[in-house]
Amino acid sequence: MVEYFGVDVQQRPDSIVTVGTFDGVHRGHSSVLSTVVERAAVSSGVATVITFDPHPREITSGDIVPLITTIPERIDLLSSLGIDRVVVVPFDNDFASIAPDEYVRTVLFKTIGLKEIVIGYDHTFGRSRSGDSDLLESLGAELGFKVSKLPAERNAETVISSSTIRSLLLRDGNVSRAAELL
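Please read all numbers here as calculations on a predicted model, not as lab measurements.

1. Here we look at the overall build of the protein
Along the backbone of the protein there are eight helices and eight strands. The buried share among the 182 residues of the protein stands at 44%. As displayed, the protein has an accessible area near 8800 Å², and 51% of this comes from carbon and sulfur atoms.

Okay, here's the thing in structure tokens:
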């Protein structure tokens, strides 16, 4: 099920949530996504991914970010991995300016709903990416949701990330190494 933030989002307090662009849905994303799916199954919750369009860096820094997948491709990949619900957030300057605590309270908790949030090792959010796992844990204790932080997924010495894969493809032309990480 696909929902568009600001248009048709249903508040689901039983959601097990993760947040990110999830461009390419690579091996680094797999551990986060499989954890979301597993936790949702155990708790009879809804495995939920919140993703952004366009890529947040295009708005916050003006960079042109060549994407590995389109939104429809991303939704298909996420669904094939067992994700029940994808919430697409139109990322603009107004959204980028939301303070981290307001983002958690209003966007995640009140509008989308969550029972648990699963994040990667380097997850940041809110205005100037100033929110972090410590703030999530503090707000989770206050609002009644759980925070699960996962370590970096690595291939040898390389942290698997969309940025690394884009760099391998576009800067280095190393398609075979990028394919290993995907």
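And the narrative resumes.
2. Remarks on the side chain of Thr 35
Within the secondary structure, Thr 35 sits in helix 1 (residues 27-43). For Thr 35, a relative accessible area of 12% gives the class buried. A polar contact is formed between the side chain of Thr 35 and the backbone oxygen of Ser 31, at a distance of 2.7 Å. Discounting chain neighbours no more than four positions away, the residues touching Thr 35 are Val 118 and Leu 150.

3. Quick word on the sheet that holds strand 2 (residues 15-19)
A sheet is described by the order of its strands in space; here six strands give the open sequence 1-4-3-2-5-6, paired in parallel fashion. Every other strand in the sheet has two partners, leaving strand 1 (2-4) and strand 6 (146-149) as the edge strands with one partner each. Ignoring which end each strand starts from, the neighbouring axes of this sheet average 25° apart. Helix 3 (residues 71-80) contacts strand 1, strand 3 (46-53) and strand 4 (85-90) of the sheet and is inclined by roughly 165° relative to strand 3.

4. A word on the pattern of salt bridges
A side chain with one charge can pair with a side chain of the opposite charge if their charged atoms come near. Taken as a whole and judged by the stated rule, the model has five salt bridges. Between Arg 85 and Glu 3 there is a salt bridge, with the nearest N and O atoms lying 3.2 Å from each other. Of this pair, Arg 85 sits in strand 4 while Glu 3 sits in strand 1; the two residues are 82 residues apart in sequence, bridging distant segments of the chain. For Arg 85, a relative accessible area of 0% gives the class buried. You can call Glu 3 buried: its relative accessible area is 2%. The closest approach of N and O atoms between Arg 57 and Asp 63, which form a salt bridge, is 3.5 Å.

5. Considerations on the pairing of strand 5 (residues 116-119)
Neither face of strand 5 is left uncovered, since the one carrying Glu 116 and Val 118 and the one carrying Ile 117 and Ile 119 both have all their residues buried. The pairing of strand 2 with strand 5 spans two bridges and is classified as parallel. Bridging from a neighbouring strand, Ile 16 pairs with Glu 116 of strand 5. Bridging between strand 5 and strand 6 involves four bridges; their strand directions are parallel. The residue of strand 6 that forms the bridge with Val 118 is Ser 148. Read from strand 5 through helix 6 (residues 133-143) to strand 6, the crossover connection turns out right-handed.

6. Here's the deal with helix 5 (residues 100-112)
With 13 residues, helix 5 should reach 18 Å at 1.5 Å per residue; the first-to-last C-alpha distance of 15 Å falls well below that figure. All buried positions along helix 5 are accounted for by Pro 100, Tyr 103, Val 104, Val 107, Leu 108 and Ile 112. Taken around the axis of helix 5, the buried residues stretch over an arc of 115°, which confines them to a single face. Buried residues belonging to helix 5 abut strand 2, strand 3, strand 4, helix 4 (93-96), strand 5 and helix 6. Looking one or two places after helix 5, you find Gly 113, whose phi comes out positive at around 90°.

7. Observations regarding unusual backbone geometry
At the junction of Asp 53 and Pro 54, the peptide bond is cis and its omega measures out at 5° in the coordinates. Relative to the assigned elements, Pro 54 resides in the loop between strand 3 and helix 2 (56-60). Of note in this structure, Phe 22 is not a glycine but carries a positive phi near 55°.

Calculation rules
- Residues numbered from 1 in each chain as written.
- Predicted model: local features only at pLDDT ≥ 70, side-chain atom pairs only at ≥ 80, totals over all residues.
- Heavy atoms only, no water.
- Helix = DSSP H or I, 4+ residues; strand = E, 2+ residues; numbered from the N terminus.
- Buried < 20%, exposed > 50% of the residue type's maximum accessible area, 1.4 Å probe, protein only.
- Areas by Shrake-Rupley, 256 points an atom, 1.4 Å probe, with all protein chains shown as cover.
- Polar contact = N/O pair within 3.5 Å; in protein donor to acceptor, adjacent residues only side chain to side chain.
- Contact = heavy atoms within 4.5 Å.
- Pairing = 2+ DSSP bridges.
- Axes fitted to C-alpha atoms, helices over the stretch in contact; angles between N-to-C directions.
- Salt bridge = Lys/Arg side-chain N within 4 Å of Asp/Glu carboxyl O.
- Right-handed = clockwise from strand over helix to strand, strands pointing away.
- Expected span 1.5 Å × (residues − 1).
- Arc of directions from axis to C-beta.

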